[in-house]
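Residue-level structure breakdown
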Amino acid sequence: MNIPTGSPAGHQRADEQSQGGLRAHAPDRLRIGAAVAGYGRTATTMPLLTAARYRQVLAAEFSSLTPENQTKWEWLQPAPGEFDFAAADAIVDFAAEHGQHVRGHTLLWHNQNPGWITGGDHSPEELRRLLRTHIQTVVGRYAGRIQHWDVVNEILDDDGRLRTEQNPWLGALGPEIIADAFTWAHDADPDALLFGNDFDVERHGAKSDAWYALLRDLRSQGVPVHGFGVQGHLDMSAPFPEDLPQNLKRFADLGLRTAITELDVRGPVTGEGGLSEEHLDQQADWYARITRIALDVPGCESLTPWGVLDEQSWVPGWFPGTGGALLLHGDYQPKPAYHAVREALAAGGQRPTA
Ligand code: 9MR
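Predicted model, so just to flag it, every value in this text is computed and none were measured. (Residues numbered from 1 in each chain as written. Predicted model: local features only at pLDDT ≥ 70, side-chain atom pairs only at ≥ 80, totals over all residues. Heavy atoms only, no water.)

1. Description of the overall build of the protein chain
- A tally of regular secondary structure across the protein chain gives 15 helices and 10 strands.
- For the protein chain, the C-alpha radius of gyration of 20 Å lies close to 20 Å, the compact-globule estimate for 354 residues.
- With the C-alpha coordinates aligned to their principal axes, the bounding extent of the protein chain is approximately 65 × 40 × 40 Å.
- Scored against the burial criterion, the 354 residues of the protein chain give a buried share of 56%. (Helix = DSSP H or I, 4+ residues; strand = E, 2+ residues; numbered from the N terminus. Rg over C-alpha atoms; globule rule 2.2 N^0.38 Å. Buried < 20%, exposed > 50% of the residue type's maximum accessible area, 1.4 Å probe, protein only.)

The structure is reproduced here in structure tokens:
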């Protein structure tokens with residue numbers, strides 16, 4: 001990270017930086033990721049393409065990248081049969097250049113489908129054909145370059161039922177489409193690791209229990225599903241998910257990999273728009289605990305904060321009055337949470353591989 005060195009703190013942090021970013025402190029078994037920002041629907045809005053410092057930080061700190069929006073349906077196929085790969089290509093090329101993995105996100109979701117899908121008058125057969133073509137085209141294009149896919153995202157509600165009313169694919173095609181989506185993705189890239197992914201599944205509960213049953217059943221049917229992603233959008237006004245280790249472990253016991261795919265830890269923002277000292281400390285503690293869990297639970301292969309800079313996070317727009325959820329301030333200054341993750345990695349990385 002290119003930290004200004006005009007102050008003693010700046011000097012100290014610049015020294016830290018010369019010792020390597022987060023990725024340098026993580027053991028091989030755990031990738032440290034970040035969601036790569038991009039808004040609107042064109043590559044020109046991506047800081048990856050417009051900000052040299054953003055590129056530097058991304059390369060120095062992280063060993064895995066997830067396109068925050070750029071591999072979603074509405075970006076990749078904005079018009080029927082017209083694929084636009086510019087933004088996704090930029091991320092995938094950057095990752096290859098910097099020795100990073102990519103987590104593709106996502107192929108079957110209720111959100112960010114293009115209007116021509118959600119507002120179209122397609123028969124179930126036509127929708128099925130469209131989904132199959134999309135998955136084959138996209139996963140095939142990035143075979144060997146996108147190593148993980150969140151094939152299905154947020155397909156269950158809080159009670160563990162399939163979201164058939166919100167999800168146009170599940171609504172028209174029924175639960176069987178889940179196995180088909182995994183199979184089509186696997187056929188397009190047999191080496192890609194294929195995940196189910198959701199929020200509010202950090203703890204044991206109706207939703208994570210239903211995911212457990214679903215993935216167990218898919219595996220017993222021989223469906224190519226390889227992992228479960230726990231998003232990790234945490235709110236400091238709620239309790240810490242104490243049973244996250246046990247919850248992850250039961251998925252590992254099914255033979256699945258796990259990942260923390262979209263970590264952010266939000267709190268109430270002060271008048272200046274950041275967190276109070278107290279919340280910065282609590283946030284650092286939560287990030288460190290999650291990092292230790294990711295290091296300790298066998299089969300947990302990556303930990304990905306959902307963005308790099310607080311100012312680029314989705315959180316303030318969705319939860320007004322809250323924010324400050326990521327590791328760096330908007331001026332690229334590391335927050336206490338950054339240092340806490342780094343220390344947890346440095347300590348945990350010395351433990352033997354489980
Ligand atoms: O961070 C993403 C934001 O820029 C988009 O506007 C939003 C639209 O749905 O999606 C956000 O990312 C979501 C992710 O794809 C799935 N899990 C929840 C994330 C935060 O909403």
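Once the structure has been displayed, the description carries forward.
2. Remarks on unusual backbone geometry
- Following histidine 105, the chain continues into threonine 106 via a peptide bond in cis, with omega recorded as 10°.
- Within the fold, threonine 106 resides in strand S3 (residues 101–108).
- Although it is not a glycine, tyrosine 332 sits at a positive phi angle of roughly 70°.
- Structurally, the position occupied by tyrosine 332 is in the loop between strand S10 (322–323) and helix H15 (336–348).
- Judged by relative accessible area, tyrosine 332 falls into the buried class, the value being 10%.

3. Some words on the confidence of the model for the protein chain
- Summing up the model confidence of the protein chain, the mean pLDDT is 93 and the portion of residues at 70 or higher is 92%.
- Confidence drops under a pLDDT of 50 for residues 1–18, and excluding neighbours within four residues, the segment shows 31 contacts in the predicted structure. (pLDDT = per-residue confidence, 0-100. Contact = heavy atoms within 4.5 Å.)

4. A short note on the pattern of salt bridges
- For the coordinates displayed, the defined rule picks out 16 salt bridges.
- Aspartate 253 is the partner of lysine 249 in a salt bridge, and the nearest nitrogen-oxygen pair spans 3.2 Å. Placement of both lysine 249 and aspartate 253 in helix H12 (residues 244–253) is noted, with a separation of 4 residues, approximately one turn of the helix.
- Residue classification places aspartate 253 among the exposed positions, given a relative accessible area of 55%.
- Linked by salt bridges that have partners in common, Asp157, Asp159 and Arg161 make up one network. (Salt bridge = Lys/Arg side-chain N within 4 Å of Asp/Glu carboxyl O.)

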